[in-house]
Amino acid sequence: MPQHNIVSLNSIISGYAQHGKGSEALLLFNQMIRVKMVPTSITFIALLSACAHTGQVEEGRRYFNRMINEFGIEPEAEHFSCMIDLLSRAGKLGEAKRLIETMPFTPGMAAWATLLGACRKHGKMELAEIAANELLQLEPTNATPYVVLANMYTDFGKWEDVARVRKLMRDRGIKKLPGCSWLELHNRVHVFVAEDNSHPMMKEIHDYLDWMVLKIKHAGYVPDLRFALVKGDETGEGEKETRLRHHSEKLAVAFGLLSTTDGAPIVVMKNLRICGDCHNAMKYISQISCRKITVRDANRFHCFERGNCSCGDYW
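Here the structure is a predicted model, which is why all the values come from computation and not from measurement.

Caption draft 1: Local environment of the pattern of salt bridges. Scanning the entire structure with this criterion turns up 17 salt bridges. In this structure, arginine 120 and aspartate 155 form a salt bridge, with 3.0 Å as the shortest nitrogen-oxygen distance. Highlighted residues: arginine 120 in helix 7 (residues 109-122) and aspartate 155 in helix 9 (residues 143-155), separated in sequence by 35 residues. Judged by relative accessible area, arginine 120 falls into the partly exposed class, the value being 22%. On the basis of relative accessibility, which here comes to 29%, the residue aspartate 155 falls in the partly exposed class.

Caption draft 2: Main features of the side chain of serine 248. Of note, serine 248 is situated in helix 13 (residues 248-259). A relative accessible area of 2% places serine 248 in the buried class. Apart from residues no more than four positions distant in its own chain, serine 248 is found in contact with Gly179, Cys180, Ser181, Phe192, Val193, Ala194 and Lys270.

Caption draft 3: Layout of the pairing of strand 3 (residues 266-270). Of the two faces of strand 3, only the one carrying Ile266, Val268 and Lys270 is buried; Val267 and Met269 on the other face are not. Pairing between strand 1 (residues 180-185) and strand 3: 2 bridges, direction antiparallel. Bridging across to strand 3, tryptophan 182 finds its partner in methionine 269. For the crossover that starts at strand 3, traverses helix 14 (residues 276-289) and ends in the parallel strand 4 (residues 293-296), the hand is right-handed.

Definitions and limits used
Residues numbered from 1 in each chain as written. Predicted model: local features only at pLDDT ≥ 70, side-chain atom pairs only at ≥ 80, totals over all residues. Heavy atoms only, no water. Salt bridge = Lys/Arg side-chain N within 4 Å of Asp/Glu carboxyl O. Helix = DSSP H or I, 4+ residues; strand = E, 2+ residues; numbered from the N terminus. Buried < 20%, exposed > 50% of the residue type's maximum accessible area, 1.4 Å probe, protein only. Contact = heavy atoms within 4.5 Å. Pairing = 2+ DSSP bridges. Right-handed = clockwise from strand over helix to strand, strands pointing away.

Remember, this is a structural readout, not a statement about activity or role.
What follows is the structure in structure tokens.
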């Protein structure tokens, strides 16, 4: 562009935030200020998002205060949502809850859902139950709080609570949104769902994944059986590992690797958040296959290359 404007720079800062490039986002903001460009409320949403995605809690606090005191911008609901996200991701869940309860806006679904997701990540069962109950009061038919609670009860081995939550879902006619992943190849979209064998290349995909998992295990990968989400005494470790291998994002990536030339990048989309085991496996797969693998889940881009992810494992 012959000359930048606030719209273009806000877009770039937001892009940096989504890709986990927090330092670049903050550097660009400082360059804006040096050339006397006036930031907007959208600028600070992008900045706070960048801080949230990279764990820069104190920087986020500082920019939130600068927005008010230096630039005279009154925080809106979106700014508070970013701060709740920032604190929740960093494990400061009590502080995030207090902010939800004291901010000058009625907490919506996004605030409580952010806190609930962070409770799952940090293993805070009691606070998760509070957040889930708040979500259910706002939207009783939303499957998210039921699913997260059931998964957390699974993590803690509370099988009676798992059964209770699942019964509630059945009684209320609430169905979990199935995770699916897809990629486009030769102008055709290929869709994969866990444990779905309808794709014509599924046998080759399963065989390839069996081979790839052996390779990445030798490189240090350890399957995280918590994400198999089955009762511990109902199936053995072998069955749990098989279920992990058949997660939709692994199926899609395996198909992409089988169907493209060496060195070609793989881009996969997913309708839900990528699971922790798949995220770890993708890092090893990118290293073994010497490919760049991008997974765009419901929250952000994960760009895997040479054994690392662009999110810095902070997601």
